[in-house]
Amino acid sequence: MPVKKQQFITFKIAGQILAAPLNKDSQFFSCEYLLPLPINNKYLAGISYLNGQLVTILRTDKFFGLNWKMPSNPQCLHFSYREDFYGLAVDQGLDTISVTQIFQEKSRNIFNKYIKINKQKVYIVDVEKIFSELKIYV
Amino acid sequence: MFSEKYKDLYLSTTQAKLKEMADVLLLLEKNPKNQEYLKTLFISLHAMKGSAATMGYKGTIVYLHQVESVIQAMINGTLPVGKDNLDLIFRACDTLQANLQNINHHSQELDFQTFIAELEKILKSPVKIKKTDKTVSKQEPVDLVAPHENTEMIVAAKQLDKIQNILDDLLVNIMGIKGAAVKSGQSQILSSTMTADTLANNLRRELERMRIVPLEQVFSNLPYLVRSIAHDERKNVNLVIEHNNISLDKSILDELVEIIVQLIKNSVVHGIKSKPSAGQILLSANIESDELVVTVSDNGRGIDWSKVLALAVNKRVISVEESRKIKLSDIPSLLFHTGMSSKKNMDIHAGRGVGLSVVKDRLKKLNGQVEVVSALNKGTKFILHLPLPLSIFRSIAWQVGDWPMAIPLSYVERVIKLPEVKDVSNDKYFVYNKKKIKLLNLRSILPLDIKAPAKYILFLNIQKNIFALPISSNIKESELVMKKNPSIMKLLPKFRGLAISSSGKVNLILDINNLL
């Protein structure tokens, strides 16, 4: 029986490796200029401009509760959601990976799905959860 | 399924065909003897069937085939083109529209079984045709699927967005080179860059023109909608449209039309009275200064403001105390409160309230505003004000804390540099040439208390009144490229949007009206 493979793109932040589902817009870019937004929202880093697009940069660390100091020009993982473009601020972009199995950790409330790379747990960034936290598509 | 990749294309082409079908149906209803209208309907249905077949939407194909058969029967004279049968085709249009929505949102066709059964019943039932009915002309069934010339091509809006983004990037780069050439005094490079700049600007204008849709085209769907709602409500409603040859960006029109539809629905259902003489709804659009003004007015029963106020208290939108102190001019805004939008409100004498909070929310997305003018038994008028979209514009730009701000130069009447920096943060007026000019303050839109002394004063012309805006940093004139607002800007409703400077920096564009 054929096994369905799923592709992920991995990155490093605050010493931890995380994975995001790979799609046609996935790419890492260096955020040269970031406009902070005049709003109190811990998940938002600001807005950047990349290849004619406005990209909303999100604080990956805040979603995962990581202790991280975001550099002024962070690396970002670009992805699109609905009709908008987003970037997840990270330390370093890593490889793409194909897996056949996704695991779930019952003790975690959010971002509880993970894949295994070299027997290590790599938690998956759940884009839907991110936008339910941000509440901009309500 | 053929491919999800072509779904957008399928939706847009079928939507256009459905629109064509609805237009022809309205004409056929007025002139049921016209065989050409029937043939056009058949051809539209056949084209839609072809598109559905390409996508593999089997249920849609079967349903369209049945609708085609009904039209064929009308053409052949075996089915009369009467009111009941035309209503059936109108309903088929609605069903096909619902099917498109379902495919769009859930990638799934409707279950057509009931709808197909309804059509089969009509086709199988023996129908007596009046001999005097001239629509029943005996003629040979014609081959209706004639090839037709089509010089138009449908391009997905997303594709245009991509091209526009690339072009914007090109423009930003050209602006950067232009700036560098001016700085280094290289006139030859400057001259070439100016030419490149003109060409890129022309290209952008052409691209913008491709996205622009005449209001007439969008509004042409509305008579069908009004007919359908009025029919259900058993009312007689006449819709008068004054589009004044205005065209707008399609993305704005799509939002705007949703707002207008909601207001028209409200007018037909709750505003217009049930009486034999036709009620009238007037929809008009005009450009005034730099905004689009759309008016939806009816000659219905009008709004009983005392009942609106009572309902607001009843719904705890405002307290009894507040209701006693409220100014007359503030009562209309209660209509748009979420708490007022429930089905129970339908018993307000004038019946407004349902769905109006949705209108306000959608207008917010377009940075628009709405006002209501109504008196009991004298009808209701909703006036929508929408800022016209900016594209490439010259601006005055400055820095406030971490935020680069800009304001379109068209608002700026004059800039004065103060002889010495001055703290005006607690002043209400700025005195210039012995005139008191009202001071605006950015404190209302920024999450910080700006106490920095002012270096410059911008005199802004807002709705024919002059206001003074103090600026604490250096200012510069800058050419900016306005970008489509990302959804996150919904959290910042006090800004008009974001624009890019020649250095690729993102600037916050102030919405002047929010400063007042």
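As the structure is a prediction and not an experimental result, all values here were calculated from the model. (Residues numbered from 1 in each chain as written. Chains lettered and ligands numbered in written order. Predicted model: local features only at pLDDT ≥ 70, side-chain atom pairs only at ≥ 80, totals over all residues.)

Mind showing me how you'd approach the nonpolar core here?
Note on soluble globular proteins: their nonpolar side chains tend to be buried together. Ranked by size, the top nonpolar core spans 67 residues in total, and within it Ala19 and Ile57 of chain A carry the most contacts. Here this core spans two domains, and each of domain 2 (157-213) and domain 4 (392-515) of chain B adds at least three residues to it. Discounting chain neighbours no more than four positions away, the residues touching alanine 19 of chain A are Phe8, Ile9, Thr10, Ile115, Val122, Ile124 and Val125 of chain A. Residues Val67, Ile71, Met74 and Leu119 of chain B belong to the second largest nonpolar core, which totals 35 residues. (Core = buried A, V, L, I, M, F, W, Y, C linked by C-beta atoms within 7 Å. Buried ≥ 20, exposed ≤ 12 C-beta atoms within 10 Å, placed from the backbone. Domains from an automatic or database assignment. Contact = placed C-beta atoms within 7 Å.)

Would you take a moment to explain the interface of chain A and chain B for this structure?
One widely used convention gives an interface's size as the accessible area the parts lose upon coming together. On the side of chain B, 20 residues touch chain A, which itself brings 19 residues to the contact. Every element with two or more residues in the side of chain A that touches chain B is listed here: β4 (44-50) and β5 (53-58) of chain A. Of the residues in the side of chain A that touches chain B, the class split is 12 nonpolar, six polar and one charged. (Helix = DSSP H or I, 4+ residues; strand = E, 2+ residues; numbered from the N terminus. Nonpolar A, V, L, I, M, F, W, Y, C, P; charged D, E, K, R; others polar.)

Is there a simple way to think about the packing of helix α1 (residues 7-30) of chain B against helix α2 (residues 35-55) of chain B in this case?
For any two helices packed against each other, the geometry is given by the interaxial angle and the distance between the axes. Residues and elements named next belong to chain B. Between α1 and α2, the shortest axis-to-axis distance is 9 Å and the interhelical angle comes to 160 degrees. In terms of axis orientation, α1 runs roughly antiparallel to α2. Here α1 and α2 pass one another in a crossing that is left-handed. Contacts between α1 and α2 involve Tyr10, Thr13, Thr14, Lys17, Glu20, Met21, Val24, Leu27 and Leu28 from the first element and Tyr37, Leu38, Thr40, Leu41, Ser44, Ala47, Met48, Ser51 and Met55 from the second. In the contact of α1 with α2, the residues fall into 11 nonpolar, five polar and two charged. (Axes fitted to C-alpha atoms, helices over the stretch in contact; angles between N-to-C directions. Parallel < 35°, antiparallel > 145°, perpendicular 65-115°, else oblique. Left-handed = near helix turned anticlockwise from the far one by under 90°.)

Is there a simple way to think about the sheet that holds strand β17 (residues 506-510) of chain B in this case?
Two strands in a sheet stick together by hydrogen bonds in their backbones, pointing the same way (parallel) or opposite ways (antiparallel). Residue and element names in this part refer to chain B. The five strands are arranged β8-β9-β17-β16-β15 in a closed barrel whose pairing can be described as mixed. Strand-to-strand, the axes of this sheet are offset by a mean angle of 50 degrees, without reference to chain direction. By the bridge criterion, three bridges tie strand β15 (residues 475-483) to strand β16 (residues 495-500) in an arrangement that is antiparallel. Following the sheet pairing, methionine 482 is matched in β16 by alanine 499. The strands touched by helix α6 (residues 157-184) within the sheet are β8 (392-400), β15 and β16, with β15 carrying the most contacts at an inclination of about 160 degrees. (Pairing = 2+ DSSP bridges.)

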